[in-house]
Amino acid sequence: MSRSDFRRIQVIDSHTGGEPTRVVMAGGPDLGQGSLAERRAVFRERFDTFRSAVINEPRGSDVLVGALLCEPVDPSCVAGVIYFNNVGYLGMCGHGTIGVVVTLAHLGRIGPGQYRLETPVGVATVQYAGGNEVTIENVPSYCHRTSVKVDVAGLGAFVGDVAWGGNWFFLCGDHRETLDLANVERLTDVTWQIRQALKQQGITGTNGQEIDHIELFGPPRDPSAHSRNFVLCPGKVYDRSPCGTGTSAKLACLYREGVLAPGQVWRQESIIGSIFEGSVRLDGEKIIPRITGSAYICAESTLILDPNDPFALGIRA
């Protein structure tokens, strides 16, 4: 067999607050010329094996988030991007957007300045400061329901808010757990059970959309931070960063509660101690979150798919 039979996929890896992003630069599937939401549907329906090959073992890991660069529909956008993970597809990804911007800068495609990035759920505005720091202005976020009670067998009741920050979240400060890195197995189990209970009890986002992110809050370790969190992502892995869409959802709830004024900074600490700075601005009645974080390039590489490799398309359940 010739080496020309190998399929090659060019990627750049980065991490944002400890959470990895793998940007696909070349070798991705042709998704057509529809909207980003339509192209995400084509990706899901026709090319899901590509997602698995890029993200899953033996080339990837459960915690990795992929970002497929696409031509934007909106000509004012510097790029389009579709996010995916070990089990499927995301509407938006805050840490991933920060990683994409630093990756575009690393490639020389952008310099310091303000840009627009198109996603399947809307356009995010980003401010690149140069170096590693990026501020993203996320899609409009909102608190859907407050003080929602969910009963979990063997664990009792949990009360939290259901909110949208580009993905659906159950935000809970009333959980009786210790948010420590040494407890991630326990925290993963508890939040996974909460997610399953939400589904079983018919607690959803708008129009019945599944709540696939669970976020617990507690006191921070860093005295300059306002809160510490543990975030369970859809693939049953925890977010190493403070979670951009989760922090956006939290900011929307804090504004609704009257705790956070427009422009006031909220410092969110992750389970590993990394920090995002967040604030909100108002666009009429819409709440627009702003998240600042830093990403670092980890690798430039070419993934190789050998047609004779029994796991060329990833290890799938």
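Keep in mind that this is a model prediction, so the values were computed, not measured. Within each chain, residue numbers correspond to sequence positions counted from 1 in written order. A pLDDT threshold of at least 70 governs which residues receive local features in this predicted model, and a stricter bar of 80 or more applies before side-chain atom pairs are shown or counted, although totals over entire chains, interfaces and linings include all residues. With hydrogens and water stripped out, all remaining heavy atoms of the structure feed into the side-chain values.

Caption draft 1: Expanded view of empty space enclosed by the protein. Throughout, the protein atoms alone are placed on a 1 Å grid, and a set of points is a cavity if a 1.4 Å probe fits but cannot get out or a pocket if it is open with protein on both sides within 12 Å along at least five of seven lines; lining residues have an atom within 4 Å of a point. Grid points are joined across faces, edges and corners, and a volume is the space filled by probe spheres set on the points. For the structure shown, the criterion picks out 1 cavity of 30 Å³ or more. Here the largest cavity is characterised by a volume of approximately 140 Å³. As for the largest cavity, its lining consists of 21 residues, of which V65, L90, C93, H213 and C233 are closest to the centre. Runs of E in the DSSP output that reach at least two residues are strands. Runs of H or I that reach at least four are helices, and both are numbered from the N terminus. Contributing elements (two or more residues each) for the lining of the largest cavity: α3 (94-106) and α5 (244-257). All amino acids are sorted into three groups, where Ala, Val, Leu, Ile, Met, Phe, Trp, Tyr, Cys and Pro are nonpolar, Asp, Glu, Lys and Arg are charged, and the leftover types, Gly among them, are polar. Within the lining of the largest cavity, the residues separate by chemical class into 10 nonpolar, 8 polar and 3 charged.

Caption draft 2: Quick look at the layout of surface pockets. Empty space within the largest pocket amounts to approximately 320 Å³. Around the largest pocket sit 17 residues that line it, and Y89, L90, G91, N167 and D212 are the ones nearest its centre. The residue inventory of the lining of the largest pocket, partitioned by class, reads 7 nonpolar, 6 polar and 4 charged.

Caption draft 3: Region of interest: the pattern of salt bridges. In what follows, salt bridge is the name for a side-chain nitrogen of Lys or Arg lying within 4 Å of a carboxyl oxygen of Asp or Glu. Tallying each qualifying case throughout the model produces 13 salt bridges. We note a salt bridge from E177 to R186, for which the minimum N-O separation is 2.9 Å. Relative accessibility thresholds used throughout: buried, under 20% of the residue-type maximum; exposed, over 50%; partly exposed, between the two (1.4 Å probe, protein chains only). Classification of R186 by relative accessible area gives partly exposed; the value is 40%. Between R267 and E277 there is a salt bridge whose closest N-O contact spans 2.7 Å. On the criterion of sequence distance, the pair formed by R267 in strand β14 (residues 266-269) and E277 in strand β15 (residues 275-283) is long-range, its members being 10 residues apart. Judged by relative accessible area, R267 falls into the buried class, the value being 19%. Each of D48, R51 and R316 takes part in a single network of salt bridges with overlapping partners.

Caption draft 4: A look at unusual backbone geometry. With an omega of 15 degrees, the peptide bond between E57 and P58 qualifies as cis. Relative to the helices and strands, P58 is located in the loop between α2 (48-55) and β3 (65-70). A positive phi angle, close to 60 degrees, is found at N207, a residue other than glycine. One can find N207 in the loop between α4 (184-200) and β12 (213-218). Its identity as a non-glycine residue notwithstanding, C243 has a phi of 75 degrees, on the positive side. Structurally, the position occupied by C243 is in the loop between β13 (227-232) and α5.

Caption draft 5: Spotlight on the side chain of R195. By secondary structure assignment, the location of R195 is in helix α4. In this structure R195 comes out as buried when scored by relative accessible area, which is 11%. Contacts: residue pairs with any heavy atoms within 4.5 Å of one another. Beyond its immediate stretch of four places on either side in the chain, R195 contacts E210, I211, D212, I214 and P234.

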